[in-house]
Amino acid sequence: MSVQTQKPSDLTPRQEPAISPLQKLNRAIYRQAPEVFDSIKLLPYNVYKSIYRTTAFPKTERERSEAFFNSFLLHIQPAKIEKHALRFTYTFGLGLLSTYLFLLLTLTGILLMFFYVPATDQAYFRMLDLRSSVSFGGIMRGMHFWSANAMIGAVFFHMCRVFYTGAYKPPRELNWVVGVILFVLTLVMGFTGYLLPWDQLAFWAITVGANIAGKADYISTSLTGLGLPDLHFGLFTKNMLLGGDVVGQEALLRFYVLHVALLPVILFSLIVWHFWLIRKTGGISSPKESPE
Amino acid sequence: MAIDFDKEKQELTRRNFFSLTAWGIYGVGLLGGLALCGKFFVPNVKYGPASKFSIGLASNFPDGAVQNIQDQKVSIIRHGQNIGAISEVCQHLGCTVAASSTGYDCPCHGSKYDAMGNVTHGPAQIGLFWFGISQLPSGELQVDKGNIVPIGTYYVVKS
Amino acid sequence: MAKRVREEEIFPRNPNKTYGLMEIVKGSSPRVDRGPDDMVSSWPHLLIREAILFAACFVIVLALALWAPPPLEKPADPTKPPNPAKAPWYFLGLQELVSYDAFWGGLGIPGIVIIGLMFIPYLDRHHSGIGRWFAKSRSTACWAFTLIFVVPSIILIIIGTYFRGPNWGFYPPWNMPVEPPIILHSIFGGMGL
Ligand code: HEM
Ligand code: FES
């Protein structure tokens, strides 16, 4: 940057000696070069530093804490943690395992989306193609399948561990409720995903499932006893779910959108809330909270 | 936004009244919008096989035979001059029943029906639907799945 | 105007020091490498455990995917259900319930169970036994949860999976006339059995 200075006494504008644009450029480069050179030299370091604001291998306690405070991913967790919370046999890592499986499902699910078409005349053949003509297609589907099955188990056993360790007691009531919703949503994810291959199991499991929703008519029919009009809750829900009376193209499309967009977003948001509630209620539970 | 009750005048303060009204309108607006989104999902047009379909002339159905119209999930039975149309959709949770020696069996949760469609074994609680049959001007018979009739309601062939 | 005294003038900061005076507390014994209340640094103690768990999770899922590919049945045929028509294993408990009564099995009982689960922390508020597995003071709660929720869920799934055959008839597993359920089928199929 060139700085122009003028003495106040110098009333007539100073006449710069005329220089060619080339000379101008030359001078500018001459003045700026060291700075630019330094920036280039430090480029990798500066880029690294702007992303990861702490030393890669923190040694002192302070650096270790900073590693957590300064990292977007790590700051979700506390910088210091009670030894008890780290015992594997306390949590069996089940909550974290559910989280990891959810992440694996998201990853493999997005990959599968590149090859899947939610149309009744294509879906099944896309499944066959995945196995026969997509590199690693079978493995991706396999990982998605096994993560889904494992996640159901992990969430169930996580819930059991939370119960058996009394970890739902005040002040963690709300987090237990969020957890129950997560459990139900995990099952609903399994239900919606099960239709997508459009094979025999898929079709009939969803037919039966949608008809179970239809049985909610029982509630509205019973309510007519109180003088209310029959609202056909069940039929309504079933129609909303299937987009028709039977499982067909509309149902496949609806289940697809629920499975790949709406439910994952809700599930993800609730998981984030779940984590936030863990922090706000003082980290995970500890025997210190109830002297025995 | 707490409720601000003016004890002397025994009423809400003016400011509080307006505040509550404003939030009320806001809330109703939001909920209304949400409800409209719900309407978006109600299927106005349903795709699928037509509910009325022709099964051809009565002479296609020999006496005593049970004929299965697979893509409509309907069985046509004939006893003498009587022709009936029985739904093959299980009354429990919608699987397709299969004909068996005793009538119809459902593979999904084990419901059993006799040859007339009456339940002989749960979990289904009511018998299979029977549909109304009528004659078209061409002489062909038409089954109307929108017209559910009591079990044993036949179309009688005029001879 | 009084001159504001800056903290650094009283406690000068030395950037090389890893400690600083925070506040004066009561107590007699200084502890080294351990914060108050048995706290340790999350780095590396928590991080390393998380990394190991992720690696294990990834490897197991990958191994299962390679070893036991997921099943794919025949294309959907709306006219003819397979016999027996089974839902995925985690819904077989529900399917078993539904085979007794569609409304109560499919909506009534599951609905009550889920609402019931949600109310647990608002009903059982006694502050004892937190942070211990099966604390003695909570034995009633633990038994109730086990007998009302855990055991029935598992037993129903086992019945639906291993004891139900064609037309949802009851068959002992050693006498089952049809293929084993889908998960087992793919695991053993993967083993080449
Ligand atoms: C998608 C499903 C879920 C995910 C990803 C998840 C994740 C987690 C994680 C990572 C933790 C930290 C402690 C640990 O690993 O055990 C945790 C704790 C907790 N979870 Fe979940 N969870 C899920 C479902 C549930 C369910 C179904 C419940 C109960 C109905 C529940 C209730 C709780 C409670 C109360 C805590 C605090 C435990 C304590 O303070 O010791 N969560 N969850
Ligand atoms: S659908 Fe036929 S018995 Fe359940």
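Structure's up top.
These remarks concern the structure in this document. (Residues numbered from 1 in each chain as written. Chains lettered and ligands numbered in written order. Predicted model: local features only at pLDDT ≥ 70, side-chain atom pairs only at ≥ 80, totals over all residues. Heavy atoms only, no water.)

### Notes on the overall build of chain A
When helices and strands are counted, chain A shows 12 helices and 1 strand. Written out in order from the N terminus, the α and β elements of chain A read α-α-β-α-α-α-α-α-α-α-α-α-α. Computed over C-alpha atoms, the radius of gyration of chain A comes to 31 Å, more than 25% over the 19 Å expected from 2.2 N^0.38 for 292 residues, which places it beyond the range of a compact globule. Across its three principal axes, chain A shows a C-alpha extent of roughly 100 × 60 × 50 Å. Across the 292 residues of chain A, 45% fall into the buried class. For chain A, contacts bridging at least 24 residues in sequence account for 63% of all contacts bridging at least 6. Total accessible area computed for chain A in this model is approximately 16400 Å², and 69% of it derives from carbon and sulfur atoms. Side-chain charges in chain A split into 26 positive and 18 negative, and the spacing between the mean points of these groups amounts to 9 Å. (Helix = DSSP H or I, 4+ residues; strand = E, 2+ residues; numbered from the N terminus. Rg over C-alpha atoms; globule rule 2.2 N^0.38 Å. Buried < 20%, exposed > 50% of the residue type's maximum accessible area, 1.4 Å probe, protein only. Contact = heavy atoms within 4.5 Å. Areas by Shrake-Rupley, 256 points an atom, 1.4 Å probe, with all protein chains shown as cover. Lys, Arg positive; Asp, Glu negative; His and termini not counted. Charge placed at Lys NZ, Arg CZ, Asp CG, Glu CD.)

### So, the side chain of Arg172(A)
Residues and elements named next belong to chain A. For Arg172, the location among the structural elements is in the loop between α7 (137-164) and α8 (173-195). Side-chain polar atoms of Arg172 contact the side chain of Glu289, separated by 3.0 Å. Not counting residues up to four positions away in its chain, the partners in contact with Arg172 are Ala167, Thr281, Gly282, Gly283, Ile284, Ser285 and Glu289. (Polar contact = N/O pair within 3.5 Å; in protein donor to acceptor, adjacent residues only side chain to side chain.)

### A word on the site of ligand 1
All names here are of chain A. Neighbouring ligand 1 are 26 residues, the closest being His158, Arg161, Gly179, His274 and Ser285. The side chain of Arg172 places a nitrogen or oxygen atom 3.1 Å from an oxygen atom of ligand 1. Contact between ligand 1 and His274: a nitrogen atom at 2.7 Å from a side-chain N or O atom of the residue. No other element matches the 7 residues that α8 contributes to the shell around ligand 1. Residue composition of the shell around ligand 1, grouped by class: 14 nonpolar, 10 polar and 2 charged. (Near = heavy atom within 4 Å. Nonpolar A, V, L, I, M, F, W, Y, C, P; charged D, E, K, R; others polar.)

### So, the coordination of the iron atom of ligand 1
Residue and element names in this part refer to chain A. Coordination of the iron atom of ligand 1 by the protein is provided by His158 (NE2) and His274 (NE2), with metal-donor distances spanning 2.0 to 2.1 Å. For the iron atom of ligand 1, the 6 donor atoms in the first shell make angles of 85 to 178° at the metal, a pattern classed as octahedral. Here the residue His158 occupies a position in helix α7, and His274 occupies one in helix α12 (residues 249-280), the gap between them amounting to 116 residues. You can call His158 buried: its relative accessible area is 18%. You can call His274 buried: its relative accessible area is 13%. (Donors = N, O, S within 2.8 Å, 3.2 Å for Na, K, Ca; no water. Tetrahedral: all angles 85-135°; square planar, octahedral: opposite > 155°, others 65-115°.)

### Looking at the interface of chain A and chain C
Contacts between the two partners involve 85 residues from chain A, matched on the other side by 85 residues from chain C. For the chain A face of the interface with chain C, the top three residues by lost area are Trp146(A), Tyr164(A) and Gln200(A), together amounting to 11%. A salt bridge links Asp124(C) to Lys169(A), with the nearest nitrogen and oxygen atoms 3.5 Å apart. Linking chain A with chain C are 37 residue pairs in polar contact (both at pLDDT 80 or more), by the criterion used here. Among the elements that take part in the side of chain A that touches chain C, α7(A) stands out by supplying 16 residues, more than any other. Broken down by class, the residue content of the side of chain A that touches chain C amounts to 53 nonpolar, 16 polar and 16 charged. Relative to strand β1 (residues 39-41) of chain C, strand β1 (residues 80-82) of chain A runs antiparallel, the two being bridged by 3 bridges. Bridging from a neighbouring strand, Glu82(A) pairs with Met39(C) of β1(C). (Buried area = accessible area lost by both parts, 1.4 Å probe. Salt bridge = Lys/Arg side-chain N within 4 Å of Asp/Glu carboxyl O. Pairing = 2+ DSSP bridges.)

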